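Listed here are the chains, written in short residue letters.
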Amino acid sequence: MRWVKLAIAAVACWLGLSAHAQASPGCNDAGVLGPNMISNVCWSCMFPLRVAGVPLNGSNSGAPSGKASSPLCFCEGSLGIPTPGVVISMWEPARLVELQRVPGCMSSLGGTRLPFDRKFQGTHGESTNEVEKQFMHYHYFAFPLFAMLDLFSVMPCSDNYLDFDLMFVSELDPTWNNDTLGSFTYPESAAVANLPAQLACSADAVSSAAGNPIDKMFWCAGSWGSMYPFSGSTTTGNTIENTSLQKARVLATLHRRGLAKRTMGSEAVCGPKTEPMIPKSQYKFNTFYYNPETSESHAFGESPLKWGAGRFVPQKPDPVYMIWRWKDCCRNL
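Residues numbered from 1 in each chain as written. Predicted model: local features only at pLDDT ≥ 70, side-chain atom pairs only at ≥ 80, totals over all residues. Heavy atoms only, no water.

### Some points on the packing of aromatic side chains
- Applying the stated criterion to the full structure yields 14 aromatic pairs.
- Measuring from centroid to centroid gives 6.1 Å for tyrosine 138 and phenylalanine 168, while their planes differ by 10°, and the two rings are stacked. In this pair, tyrosine 138 is assigned in strand β10 (residues 137-142) and phenylalanine 168 in strand β11 (residues 165-169), connecting sequence segments 30 residues apart.
- Accessibility expressed as a relative area gives 22% for phenylalanine 168, which makes it partly exposed.
- Counting every residue linked through ring pairs, the aromatic cluster contains Tyr186, Phe218, Trp219, Tyr228 and Phe230.
- Stacked on the ring of phenylalanine 285, the Lys or Arg lysine 247 has its end atom at 4.5 Å from the ring centre. (Phe/Tyr/Trp six-rings, centres within 6.5 Å; stacked < 30°, edge-to-face > 60°. Helix = DSSP H or I, 4+ residues; strand = E, 2+ residues; numbered from the N terminus. Buried < 20%, exposed > 50% of the residue type's maximum accessible area, 1.4 Å probe, protein only. Lys NZ or Arg CZ within 6 Å of the ring centre and 35° of its normal.)

Structure (structure tokens):
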């Protein structure tokens, strides 16, 4: 596919590299732009699909509690005049995030390796209180799968991304590489860095296990651990726990920076809204690579004991997750 090669070349040029980047032997190809685009997707995870509050699949099971409550809406048209419409709601596959132990490894771009060396590896290998830290970088991609496959083309409220696109790389983010800098960048982290706040996260872990993360507890990532600091270092243990917490921090960081928006709720039916604190119930995930979840998804903070059995094994490729977000849209009549 010629346009894929051009996209990779453009990324390389942006970083001052040669346009002749090749797949690295130590960097796996996740097959994103190939058969995996179809076979590794949980297609049933788009439901419930609601039109004017009525679920077309016959059940509201799986819809977040913060969804738009009214079946009708009014949004300004091209002339600035409010026009009545109906609310269409569904889960949409919107983003991909890959977690990488090797700096610069782009599994989602065919295994291309960008020349980031170990100086970008942050606090990897250090230990605190005899607990070894695990560090991974992330690469965040726009992945509007429905638009790419020309599905649901009548859906309104589409964002500016209509194709596969690299949005962010953590190797260039100094706060992701340094715990201390990550803590000072977001002042609210000091308010939740105490025992009572962390003990309160047990309630979020229980609720997340039932698929209902508590949005007001923005500092908690359910059973995955503490959201702060927003850095790539974790001490949770195995790969699936580490990467689950890191993907939560990725989304929380992007919300704090205004790079991720609220698409859920009555206030967002006319277009995405800035939401500094992550609305956790707006998101769910499925493993895309290498052992995909094709018949289920997991909620924000949901224990890997329920969905992660056999997903990741030591010495296997680093994971790629698909990010689903709930979207409430006003379709003008």
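### Brief notes about empty space enclosed by the protein
- Summed over the entire model, instances satisfying the criterion amount to 1 cavity of 30 Å³ or more.
- Taken as a whole, the largest cavity spans an internal volume of roughly 40 Å³.
- Forming the boundary of the largest cavity are Phe218, Met227, Tyr228, Phe230, Ala252, Arg256, Pro276, Met277 and Ile278.
- Here the lining of the largest cavity is built from residues that sort into 8 nonpolar, no polar and 1 charged. (1 Å grid on protein atoms, 1.4 Å probe; cavity = no way out; pocket = protein on both sides within 12 Å on 5 of 7 lines; lining within 4 Å. Points joined across faces, edges and corners; volume = space filled by probe spheres on them. Nonpolar A, V, L, I, M, F, W, Y, C, P; charged D, E, K, R; others polar.)

The analysis is restricted to geometry; functional conclusions fall outside its scope.
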